[in-house]
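Below, each chain spelled out in residue letters.
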Amino acid sequence: GGVRAGLYTDSDQVAILTPDNVDAVLFQSPSAALLEFYASWCGHCIAFSPAWKQLALDIKEWKLAVKLAAIDCADELNRGVCVRFGIKGYPSLRFFPAFSSNDSTGEDISGFSRDVPSLRHLIIDKLESHKTPTPPACPPLEQTSAREIDSYVENSGGQNLALVFEGNDSYVGREVILDLLQYENIMVRRVLRSEEELVSRLGVTDFPSVYLYNTHTNFTRLPVLREARAFYSYALQRLPGVVREGKPRPEESDFIRNHTEEQWRPFNKTRVYMSDLESALHYSLRVELASHSIISGEDLTALRRYISVLDKYFPGRPPVKNALKAVNDWLQKQEGTSINYSDFRAALNTRSTDSYLPKVERWVGCQGSKQHFRGYPCAMWTLFHTLTVQALETKSRDPQEVLQAMRRYVSSFFGCRPCAVHFEDMALESMNRVISLRFAVLWLWSHHNQVNARLAGELSEDPHFPKVQWPPPDLCPACHSLKPSGEHTWVQEEVLSFLKNYYSAQHLLHDFLS
Ligand code: FAD
């Protein structure tokens, strides 16, 4: 025994330490680490854990320079580690500079505040105070000067240079520098208001503000919705020519298909296509389910719930709606404890002129630049967002109906098993708190964003469709705002009305349907 459920899971960006990996994460590592020692039964730790998770997501881009970690000292297996570090109370934070030696116990951080911005600033202070050796991946964080910039511009070979102008006690510059750490072909430096030569050369009057600097006569202000970290980083990461390290530069030629492949279908990136939704149904009902030849128990319940919400809420063309209704009716009539997939398929494929589900997989908005990108998983998200919005529009009685159907479908059938595990982690944590249809729409939106944050930069990311916190400022300006502290915040009411329109039945495009 001894293994307890800790406060963090693999779905969080927090490195979960155990006796097996603790040395590798903390010692002789090229990145610094900030480690939380906690006990899963401790109320303060439970209260602190959302901030720690949020911080980990917030500084995910920084992880080559600094990682967040956590260890559960209430787990018997970890007790030796916690004793070795002399931990007496929870939660305790220890900072380990890069290349800490094997006997280091880290620097104890006492009296830390529990909000994300303060913790983030603390990390920056720690990174700056540990000068030698700095994490090799950590870019220079100190302010720059006119002289340094001029010599850099002469030698840089045309890579983008962004200058963050800011007040003397601002952290925005260093945050943006670290947010861009994993991006190539861009260098970000910060200039303090007190650096008069550069300030007057560029005629800077707003602090903070960002300028793209080519030469001392050629510079432009970076246009952003708000003058704040989130907007700067988003805009800089998407500048032409800026790419994530190790990722091939997206080429226009990716879209030119040879004759053995399906031709690229140009589409409107701001719309949802019925073809994706129908293709998701086709794939899920005819391909994914087909690998379960007998469906029983939990899986049968999952299938019933899934088909039932499709019947109720799928905003389909009349024959598709009829086909879903027919399958649902058939399923309701099955009284045994199991069904054969072949019978289900027969019911699904019973076709008439006014009732059928097209047998095509034709991705449009969910096309990937390569065969293995996007497609089905993209269309599954799209399908369930659409269903949560439809449930809201039609004033369903049960606010959790669609989400629970999705949860069960994913858990029983979704072919990507690690995805299913991650999704279940998120569902377990908070799905039962969804008490209204509006909240259901927003729950799926915010958790999809958590997945986006986790997957940004992964191999599975299509370089032409980078994972962003969605909808980005250019798609929904009103969705974004700033707290008085300068932190980015979502305007949930605006997000909700955006989603209600974006995923509404009336707004769906019917191009490319057969
Ligand atoms: P997707 O993330 O699939 O999004 C599809 C479309 O939805 C986007 O193009 C955008 O128009 C819109 N959208 C994006 N974000 C939001 C939002 N927050 N709210 C509303 N609409 C939005 N892959 C893994 O590698 N690991 C995983 O653990 C994992 N878990 C998954 C769990 C589930 C339940 C599903 C359905 C998929 C999961 N995937 C996972 C796949 C991954 O999330 C993507 O679907 C896949 O990488 C394709 O990405 P995409 O760029 O097409 O965008």
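Whatever comes next refers back to the structure up there.
The rules we used
- Residues numbered from 1 in each chain as written.
- Predicted model: local features only at pLDDT ≥ 70, side-chain atom pairs only at ≥ 80, totals over all residues.
- Heavy atoms only, no water.
- Helix = DSSP H or I, 4+ residues; strand = E, 2+ residues; numbered from the N terminus.
- Rg over C-alpha atoms; globule rule 2.2 N^0.38 Å.
- Buried < 20%, exposed > 50% of the residue type's maximum accessible area, 1.4 Å probe, protein only.
- Contact = heavy atoms within 4.5 Å.
- Areas by Shrake-Rupley, 256 points an atom, 1.4 Å probe, with all protein chains shown as cover.
- Lys, Arg positive; Asp, Glu negative; His and termini not counted.
- Charge placed at Lys NZ, Arg CZ, Asp CG, Glu CD.
- Pairing = 2+ DSSP bridges.
- Disulfide = S-S within 2.5 Å.

1. A short note on the overall build of the protein
Within the protein one finds 17 helices and 15 strands. Against the globule reference of 24 Å for 514 residues, the protein gives a C-alpha radius of gyration of 26 Å, in line with a compact fold. Its C-alpha atoms put the protein at 75 × 60 × 45 Å along the principal axes. Residue burial in the protein is summarised as follows: out of 514 residues, 53% are buried. When contacts within the protein are restricted to residue pairs at least 6 apart in sequence, those whose partners lie at least 24 apart make up 74%. On the protein, roughly 23,500 Å² of surface is accessible, and the fraction owed to carbon and sulfur atoms is 51%. Placing the 55 positive and 61 negative side-chain charges of the protein at their respective mean positions leaves the two points 5 Å apart.

2. Some details on unusual backbone geometry
In the segment running from F207 into P208, the intervening peptide bond is cis, with an omega of 0°. The omega angle of the peptide bond from W470 to P471 is -5°, so this bond is cis rather than trans. With respect to the secondary-structure elements, P471 resides in the loop between α16 (437–455) and β14 (480–482). Positive phi, normally seen in glycine, also occurs at F99, with a value near 60°. Mapping F99 onto the fold places it in the loop between β4 (92–96) and β5 (107–109).

3. Quick word on the pairing of strand β10 (residues 218–221)
Taken together, the four bridges between strand β9 (residues 209–215) and β10 define a ladder with antiparallel strand orientation. Looking at β10, one finds that Y213 is bridged to F219. Where β9 folds back on β10, the antiparallel hairpin that results is connected by two residues.

4. A word on the state of the cysteines
For the coordinates displayed, the defined rule picks out five disulfides. Between the sulfur of C73 and that of C82 lies a disulfide, 2.2 Å long from S to S. Here the disulfide of C73 and C82 is left-handed, its torsion about the S-S bond being about -85°. Each member of the pair, C73 together with C82, is buried. Between the sulfur atoms of C476 and its disulfide partner C479 the distance amounts to 2.1 Å.

Taken by themselves, the reported measurements are silent on function.
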